[in-house]
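Okay, here's what each chain looks like letter by letter:
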2 protein chains.
Amino acid sequence: MTNIRDLAREANVSVTTVSRVLNDHPYVANEKRQAVREAIEKLGYIRNQTAVHLSTGMTKTVGVMLPFVDHPYHAAILQGIAQAAFDASYRFLTWQTNYVETHEQLALDALAQQEIDALIVVSHSLPLSAILSYEQYGPIVFCEHHEDVAAVYIDHYTAFQQGLAHLRQQGHTSIGICLGRPDSTNSLARKHAYQEVVRDEFVYEQTLTIEDGATVARRWMQQKQRPTAILTASDHVAAGLILELRKQGYQVPGDLSVIGFDGSELAEVLAMTTIAIPYATIGRHAFQLTVREDLVARPQIEVPSTFIAGTTVLPHT
Amino acid sequence: MTNIRDLAREANVSVTTVSRVLNDHPYVANEKRQAVREAIEKLGYIRNQTAVHLSTGMTKTVGVMLPFVDHPYHAAILQGIAQAAFDASYRFLTWQTNYVETHEQLALDALAQQEIDALIVVSHSLPLSAILSYEQYGPIVFCEHHEDVAAVYIDHYTAFQQGLAHLRQQGHTSIGICLGRPDSTNSLARKHAYQEVVRDEFVYEQTLTIEDGATVARRWMQQKQRPTAILTASDHVAAGLILELRKQGYQVPGDLSVIGFDGSELAEVLAMTTIAIPYATIGRHAFQLTVREDLVARPQIEVPSTFIAGTTVLPHT
DNA sequence: TTGTACGCGTTATCAT
DNA sequence: ATGATAACGCGTACAA
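None of the values given here were measured: they were computed from a predicted structure.

*Asks:* Looking at this structure, how should I read the interface of chain B and chain A?
*Replies:* The extent of an interface is frequently quoted as the accessible surface area lost upon association of the parts. Between chain B and chain A, the contact holds 43 residues from the first and 43 residues from the second. Summed over both sides, the interface of chain B with chain A buries roughly 4000 Å², with 65% coming from carbon and sulfur. Seen at the junction of chain B and chain A, the total is two salt bridges. With a shortest N-O distance of 2.5 Å, E115 of chain B and R91 of chain A are connected by a salt bridge.

The structure is reproduced here in structure tokens:
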């Protein structure tokens, strides 16, 4: 591998001059600049990024800690990050954690070891305090709401309120909800919105997948007291719920009104009533926060959710 | 930042000994090892990975060049890569290219600049030869079939043959196909399988999204000569096709039989007949190829596709 | 405008 | 078993 010293020798200049040419610095005579360019060409020189990183103390790389690379909404956030990082000439490393704490730890280690300049936490299992103790090593931005933390998030409380309000407008009073991981920040906010307005309690927890939605359907069918509408925590769960009910001969929305959450392709395909979340936007903002100068002030950005009227809700009669 | 020199001073040993302790090398007296450990603890030392990378000439990082982070099957490949890389204590950098050649180039540059040890090309626009000219800088593995290249791929020819055979068994003779990017390796293989057995030509090109599927539906409705069955290039296209037809009052599969491709959640939800591809497996194999010692032999791995009988095909009468 | 010399933090070589 | 020292390749005070 040829290095800048070789170039300097070839072009009859100092390594400093070579470095200046490489980085488009001013104060280089045109002929010397030319000489360096020719040397680069002749020797087939290619800059070693690792050396740049060591010398500058920066990697121009952000880390992303997220549970699953291939779950639609995590992937959508990742796509937003990818786009914003690209625009800023940054790269990103991804840690797929499966919500396993030891895996999450590896992303934190990378920050401490200066492998990444900043870390975006899309979702996590580790206690917040454990993560925040790594802020000394670099910026950490969350895609979930937490107090006193740099974050970009959607207000799940308000989003769920929108859904509940719609159902109540349609005359539903016996309303159920599906939650994902029961203790997550999101679930707590959703539950909060729910308990404020709903008398009967139909809470289905630990629902994450299409299959979980089908399970909810089976539980619903066996219940004596049934809600007439269910607000789910994701379009996936809603899809599983809807399709299982229809398979068993029930009508959706005739027998049960269902609202999804995410605004995914699934919702589009099933013409589902849902609450759309601009996940890519969350990712873009998250990246932009990592490079913001006033990050110490721990700015927070709330992105809006959008109620989408579909065909899976009917008025309750 | 405290470094190994500080540790050496604190523990009264040489930097070499410190390095040995750090890397669990033999030939270190227990008491010295202990002294170093204590110094690490006391000074709060954390290893700088960039320096390790520079010194070893490796980054333990692979690059992934792929068009879209959030398209389901690309994300599924990425998830396989993430998993295999994790198992091997590797990290991965992702370049989302949108099929833009200048973006793809950045991933190649990263390989040349030793920012990554190897590159996985999930899909690309650049000419193959342009990519292969970077093999001098490190291993390059493809997730598509090309001659004389390290690759893991599915045989689109055989996969499409399966679908066509099924339709013909069901009595269909007037069969259409949807293709994605018309000149991609995959499309050519698919077209090949198609033209071998089908008389009438109903080829719908440039179909990639759900919306494209709806467009195909509108074209189909306007045709005087119509195929009785369509083999699509993705579940997305099939979903758009099916839903638009149903919206317009046509029966699927009554008026048109449809076969998807991918085996995605969409297919599951619509109970679609489709051809399932183990995308995560492709990703895993791709990563494993990058670290294989006999990579110079340019090994190729073919992964099998699976025909999934659903409810979107009826016999032609 | 240019160059010298050193620092970045680690691993590897080679001698002892 | 241990250590001195030379890489690794680049950026940058500082001096000229």
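*Asks:* What is the right way to read the sheet that holds strand β7 (residues 202-204) of chain A from this model?
*Replies:* All names here are of chain A. The strand order β7-β6-β8-β9 describes an open sheet built from four strands, whose pairing is parallel. Only two strands of the sheet have a single partner each, and these edge strands are β7 and β9 (257-259). Averaged over all pairs of adjacent strands, the angle between strand axes in this sheet comes to 20 degrees, irrespective of strand direction. Bridge analysis of strand β6 (residues 175-178) against β7 gives three bridges, and the strand direction is parallel. In the strand pairing of β7, G176 is matched with F202. Of the strands in this sheet, β6, β7 and β8 (229-231) are in contact with helix α10 (residues 210-222), which crosses β7 at around 150 degrees. Relative to β9, helix α11 (residues 235-247) is tilted by about 160 degrees, and along the sheet it contacts β6, β8 and β9.

*Asks:* Is there a simple way to think about the pairing of strand β1 (residues 61-66) of chain B in this case?
*Replies:* The side chains of a regular strand alternate between the sheet's two faces. All names here are of chain B. In terms of burial, β1 is a largely internal element, six of the six residues being buried. Alignment of β1 against strand β2 (residues 91-96), held across six bridges, turns out to be parallel. Looking at β2, one finds that T61 is bridged to R91. Assessed by its sense of winding, the connection that carries the chain from β1 through helix α5 (residues 72-87) to β2 is right-handed.

*Asks:* Sorry, what's going on with the protein's contact with DNA strand D here?
*Replies:* In the vicinity of DNA strand D, 26 residues are found, and the nearest of them are Y45 of chain A together with T16, T17, Y27 and A29 of chain B. Put simply, 61% of the atoms of DNA strand D that lie within 4 Å of the protein are in sugar or phosphate. Here a phosphate oxygen of DNA strand D sits 2.3 Å away from a polar atom, N or O, in the side chain of Y45 of chain A. At 2.4 Å from a phosphate oxygen of DNA strand D is found a main-chain nitrogen or oxygen belonging to A29 of chain B. Elements represented by at least two residues in the surface near DNA strand D include exactly α1 (4-11), α2 (15-22) and α4 (49-56) of chain A together with α2 (15-22) and α4 (49-56) of chain B. Broken down by class, the residue content of the surface near DNA strand D amounts to eleven nonpolar, eleven polar and four charged.

*Asks:* I'm lost on the side chain of H124 of chain A in this one. Help?
*Replies:* All names here are of chain A. Within the secondary structure layout, H124 lies in the loop between β3 (118-121) and α7 (128-132). Judged by its relative accessible area of 10%, H124 falls in the buried class. Among the polar contacts made by the side chain of H124, one reaches the main-chain carbonyl oxygen of L126 at a distance of 2.8 Å. Within the structure, the side chain of H124 is placed 3.2 Å from the side chain of H146, a separation counted as a polar contact.

*Asks:* Where do I start with unusual backbone geometry in this structure?
*Replies:* Excluding glycine, residues mostly carry a negative phi; peptide bonds, for their part, are mostly trans. The linkage connecting V252 of chain A with the following residue, P253 of chain A, adopts the cis geometry, with an omega of 15 degrees. Topologically, P253 of chain A is positioned in the loop between α11 and β9. Here the phi dihedral of N98 of chain B falls at roughly 55 degrees; this positive angle occurs in a residue that is not glycine. Take N98 of chain B: it is sitting in the loop between β2 and α6 (101-112).

*Asks:* What is the right way to look at the protein's contact with DNA strand C in this model?
*Replies:* Around DNA strand C, the structure places 26 residues, and the nearest of them are T16, Y27 and A29 of chain A together with Y45 and S55 of chain B. Counting only atoms of DNA strand C within 4 Å of the protein, the sugar-phosphate share comes to 58%. At 3.2 Å, a side-chain N or O of R20 of chain A approaches a base oxygen of DNA strand C. In the model, a phosphate oxygen of DNA strand C is placed 3.2 Å from a nitrogen or oxygen of the N23 of chain B side chain.

*Asks:* Please explain the domain arrangement of chain A as it appears in this structure.
*Replies:* All names here are of chain A. On domain assignment, one finds that chain A holds domain 1 (4-47), domain 2 (59-153 + 279-303) and domain 3 (156-276). Here domain 2 and domain 3 have C-alpha centroids that lie 29 Å from each other. Domain 2 puts ten residues into the contact, and the matching count from domain 3 is six residues. Both sides of the domain 2 and domain 3 interface together cover about 610 Å² of buried area, and 47% of this is carbon and sulfur. When the buried surface of domain 2 facing domain 3 is broken down by residue, P72, E144 and Y279 rank first, second and third, together holding 51% of it. At the junction of domain 2 and domain 3, the tally comes to one residue pair in polar contact (both at pLDDT 80 or more). Residues belonging to the side of domain 2 that touches domain 3 are distributed by class as follows: four nonpolar, five polar and one charged.

*Asks:* Teacher, can you tell me more about the relation of the copies chain B and chain A here?
*Replies:* In this structure, two copies of a chain are linked by a rotation about an axis accompanied by a shift along it. The transformation that overlays chain B on chain A combines an axial shift of 0.0 Å with a rotation of 180 degrees, and the residual RMSD is 0.1 Å. The transformation just described matches what one would write down for a two-fold rotation axis. Among all C-alpha atoms of chain B, that of L93 of chain B lies closest to the rotation axis, at 2.4 Å. A share of 100% of interface residues in chain B that are also interface residues in chain A marks the association as one of identical surfaces.

About the thresholds
Residues numbered from 1 in each chain as written. Chains lettered and ligands numbered in written order. Predicted model: local features only at pLDDT ≥ 70, side-chain atom pairs only at ≥ 80, totals over all residues. Heavy atoms only, no water. Contact = heavy atoms within 4.5 Å. Buried area = accessible area lost by both parts, 1.4 Å probe. Salt bridge = Lys/Arg side-chain N within 4 Å of Asp/Glu carboxyl O. Pairing = 2+ DSSP bridges. Helix = DSSP H or I, 4+ residues; strand = E, 2+ residues; numbered from the N terminus. Axes fitted to C-alpha atoms, helices over the stretch in contact; angles between N-to-C directions. Buried < 20%, exposed > 50% of the residue type's maximum accessible area, 1.4 Å probe, protein only. Right-handed = clockwise from strand over helix to strand, strands pointing away. Near = heavy atom within 4 Å. Polar contact = N/O pair within 3.5 Å; in protein donor to acceptor, adjacent residues only side chain to side chain. Nonpolar A, V, L, I, M, F, W, Y, C, P; charged D, E, K, R; others polar. Domains from an automatic or database assignment. Least-squares fit on C-alpha atoms with pLDDT ≥ 70 in both.

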